[in-house]
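# Remarks on the overall topology
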Amino acid sequence: MQDNKYIYSFRYDTTESMLCKLESRYIFNKEEEHKQLISNVKIEPSRSAFIKRRLDVISFSTDYAMLIDQIKNENIRTDGFKVEYLVLDGDSTRYAGRLAKLKDVGFCIDSYPDYHNPTVIYGICTYEGIWYFGVLIKNNFAWQNHKQKPYSYSNSIKQNIAKALVNIAVGSKQEVKLLDACCGVGTIMLEACFAGYDIEGCDISKKTCKNARANLSHFNYVGEVHCSDIKNMTKLYDAAIIDLPYNIYTKATDSDILHIIESTSEITDRIVIVSTAEIRNAISSAGLRVVNYCEVRKRGKVNFTRKIWVCESEDKFEINQD
Ligand SMILES: C[S@@+](CC[C@H](N)C(=O)[O-])C[C@H]1O[C@@H](n2cnc3c(N)ncnc32)[C@H](O)[C@@H]1O
């Protein structure tokens, strides 16, 4: 545990389980299990749609009484505090027991609590035989305000997926220049901007670009939207995301799809592609290798599944292998 300072809890439904695990591999270098993960990587919970809470561990012990002593020794004096109990996988402590533990912790803190508008929330939990105490940081879900964007498509990508795509494209890097290669009304761009990443968009449709710009400025985000066929883009990017046309509202033939993937691979080595069709052949024709893959089923429509392909250029892959 010594190096693992943060305990994360997750929330997702079964259709998003593969996506959440893939995202967690890119953020933490390991998969969450049973909706929790212990790591030394610190990220804001609201960067992901799936991370519910982060406990910043202050003290831990295999012995509960010892943990309580450790908390007392911290001499915490924070007026307006609140304590919450995190129920993690494998914790069978019943409600009355959890309540008693909240009181134990509360009495270690020599200040007035505020249950309604706390200045700080402390958390207690047990996991794999160890008791943990720390500061609890919650996903503020402020990114859900993006639902009120002025322009939407009925086939716009779901926010949860958009956020995961950004995290998968960025990985553990901080300074990344991203491209949303078929940006539509900018759903993915909004999530990248919220997380503080540098992203530009490109779309062939003039009207859609206008709407994407309006959506970005509605939230005071800055991100250039190029009204262009992706084949005419020459600027280089660290990574790109492509939410391919689904052939529902926008017509796209196999050769259009190949053209979009090939053109994007000319300007970046790393692409996260979303498709509803099998596009493995197009990916390899574009000189890319699939390094990770997952599926997200659309709830209620069994035959509508989004496929997510994490691709790297063959050249880059060979350099990484050396
Ligand atoms: C599935 S939509 C993207 C939706 C977007 N993620 C959103 O949430 O609004 C695909 C987009 O690709 C654009 N597109 C199609 N062919 C293109 C090309 N050759 N270059 C750039 N954009 C293209 C379409 O205009 C359409 O807006």
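Along each chain, numbering runs from 1 in the same order as the chain's sequence is written. Totals for whole chains, interfaces and linings use every residue, but because this is a predicted model, local features are given only for residues with pLDDT of at least 70 and side-chain atom pairs only at 80 or more, for both listing and counting.

## A word on the overall build of the chain
Each helix is a run of DSSP H or I of at least 4 residues and each strand a run of E of at least 2, with the numbering of both proceeding from the N terminus. Summing up its helical and strand segments, the chain has 9 helices and 13 strands in all. When its C-alpha atoms are laid out on the principal axes, the chain stretches across 65 × 45 × 40 Å. With C-beta atoms placed from the backbone, a residue is labelled by how many other C-beta atoms lie within 10 Å of its own: buried for 20 or more, exposed for 12 or fewer, partly exposed between the two. Evaluated residue by residue, the chain yields a buried proportion of 40% over its 322 residues. Here the contact rule is simple: place C-beta atoms from the backbone, and any two residues whose C-beta atoms are within 7 Å are in contact. Pairs at least 24 apart in sequence give 71% of the contacts found in the chain among residues at least 6 apart.

## Describing the site of the ligand
Note on definitions: a residue is near a molecule or strand provided its C-beta atom, placed from the backbone, lies within 6 Å of it. In the neighbourhood of the ligand, 21 residues make up the surrounding shell, with Ser156, Cys182, Gly184, Thr187 and Asp243 lying closest. Going through the elements one at a time, helix H5 (187-194) and strand S8 (198-203) are the ones with two or more residues in the shell around the ligand. A breakdown of the residues in the shell around the ligand according to their chemical character gives 11 nonpolar, 7 polar and 3 charged. For this classification, the nonpolar set comprises Ala, Val, Leu, Ile, Met, Phe, Trp, Tyr, Cys and Pro, the charged set comprises Asp, Glu, Lys and Arg, and every other residue, Gly included, is treated as polar.

## Side note on the environment of valine 272
Here valine 272 lies in strand S11 (residues 270-275). For the pair valine 272 and isoleucine 242, spaced 30 residues apart in sequence, the C-alpha to C-alpha distance is 6.3 Å. Discounting residues that sit within four places of it in the chain, valine 272 has contacts with Leu165, Ile168, Ala169, Ile241, Ile308 and Val310.

## A short note on the domain arrangement of the chain
How big an interface is tends to be reported as the loss of accessible area on association of its parts. What the domain assignment lists for the chain is domain 1 (6-138) and domain 2 (145-321). An automatic or database domain assignment supplies the start and end points of every domain. Taking only C-alpha atoms into account, the centre of domain 1 sits 34 Å from that of domain 2. Between domain 1 and domain 2, the contact holds 11 residues from the first and 16 residues from the second. The residue inventory of the side of domain 1 that touches domain 2, partitioned by class, reads 6 nonpolar, 2 polar and 3 charged.

## Side note on the environment of glycine 196
Positionally, glycine 196 belongs in the loop between H5 and S8. Using a count of 9 C-beta atoms within 10 Å as the deciding quantity, one classes glycine 196 as exposed. C-alpha separation for the pair glycine 196 and glycine 90, spaced 106 residues apart in sequence, amounts to 36 Å.

## Observations concerning unusual backbone geometry
Here the phi dihedral of lysine 35 falls at roughly 65°; this positive angle occurs in a residue that is not glycine. With respect to the helices and strands, the residue lysine 35 is situated in the loop between helix H1 (17-28) and strand S2 (36-39). Positive phi values are uncommon outside glycine, yet glutamate 128 reaches one of about 50°. Residue class for glutamate 128 comes out exposed when judged on the 11 C-beta atoms lying within 10 Å of it.

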